[in-house]
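Spelled out, the chains give:
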Amino acid sequence: MRYNEKELQALSRQPAEMAAELGMRGPKKGSVVKRRLVKLVVNFLFYFRTDEAEPVGALLLEHCRITQEEPSGFSISFLEDPERKYHFECCSEEQCQEWMGALRRASYEFMRRSLIFYRNELQKMTGKDPLEQFGISGEARFQLSGLKA
């Protein structure tokens, strides 16, 4: 994937939906758990060394699976390479559930499905398409037929 490093760094400085110090282990064999500041901004999960301002890396939360691995731990894997997992350790099971929920809601696809659902609900209630006023109601990305079960 192509990206602009300066724009990604600027995005990492934006207010986070969630942020915490978590244990993190990368996908490489023999990787050990390290404390990282983990920050969710839009659909990117940035991770930082705890004493640095610039991110060590970022995960784009698209086409990924969030799985609970243990009561207070979860992993992120990507559909194109499901064996490559990033593991995270939380302080509690509750914190783990909060992170997993937030990460699942962060993807573009989740937001798209939510928009379509609420668009249809509003249309049922009012008889009008709420997207029509923006001139985008006919765009394919907002159509129910594009949803996968």
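Residues numbered from 1 in each chain as written. Predicted model: local features only at pLDDT ≥ 70, side-chain atom pairs only at ≥ 80, totals over all residues. Heavy atoms only, no water.

An unreviewed UniProt entry lists the protein under the name Pleckstrin homology domain-containing family J member 1, with Camelus dromedarius given as the organism.

(A) Spatial organisation of helix α2 (residues 93–105). For α2, spanning 13 residues, the distance from its first C-alpha to its last is 19 Å, which sits close to the expected 18 Å at 1.5 Å a residue. Among all positions of α2, only Q95, C96, W99, M100, G101, A102 and L103 are buried. At its buried positions, α2 is contacted by β1 (18–25), β2 (34–41), β3 (44–49), β5 (64–70) and β6 (73–78). (Helix = DSSP H or I, 4+ residues; strand = E, 2+ residues; numbered from the N terminus. Expected span 1.5 Å × (residues − 1). Buried < 20%, exposed > 50% of the residue type's maximum accessible area, 1.4 Å probe, protein only. Contact = heavy atoms within 4.5 Å.)

(B) Seen up close, the sheet that holds β2. Read across the sheet, 7 strands follow the order β4-β3-β2-β1-β7-β6-β5 without closing on themselves; strand pairing throughout is antiparallel. A strand with exactly one partner marks an edge of an open sheet, and here the two such strands are β4 (57–60) and β5. When the angles between neighbouring strand axes are averaged without regard to direction, this sheet yields 35 degrees. Both β5 and β6 contribute to a ladder of 6 bridges, which runs antiparallel. Looking across to β6, one finds that T67 is bridged to S75. Packing against the sheet, helix α1 (residues 5–12) makes contact with β2 and β3, and its axis sits at approximately 85 degrees to β3. This element, α2, spans β1, β2, β3, β5 and β6 of the sheet and lies at about 170 degrees to β5. (Pairing = 2+ DSSP bridges. Axes fitted to C-alpha atoms, helices over the stretch in contact; angles between N-to-C directions.)

(C) Main features of the state of the cysteines. Throughout the structure, instances matching the rule amount to 0 disulfides. The thiol sulfur of C64 is not disulfide-bonded, and the nearest other cysteine sulfur, from C96, lies at 15 Å. What makes C64 partly exposed here is its relative accessible area of 23%. Of the cysteine sulfurs around C91, a residue in no disulfide, the closest is that of C90, at 7.3 Å. (Disulfide = S-S within 2.5 Å.)

(D) Here's a closer look at helix α3 (residues 108–126). For α3, built from 19 residues, the straight-helix expectation of 27 Å at 1.5 Å per residue is met to within 8% by its first-to-last C-alpha distance of 26 Å. Where α3 is concerned, the buried positions are R112, I116 and R119. Along the axis of α3, the buried residues cluster in a sector spanning 65 degrees; they form a single face. Opposite the buried face of α3, at more than 90 degrees from it, the exposed residues are Y118, K124 and M125. (Arc of directions from axis to C-beta.)

(E) Examining the environment of H87 more closely. Tracing the chain through its elements places H87 in strand β7 (residues 81–89). Judged by its relative accessible area of 18%, H87 is buried. Spatially, the C-alpha atoms of H87 and V32 are 10.0 Å apart, while their sequence positions differ by 55 residues.

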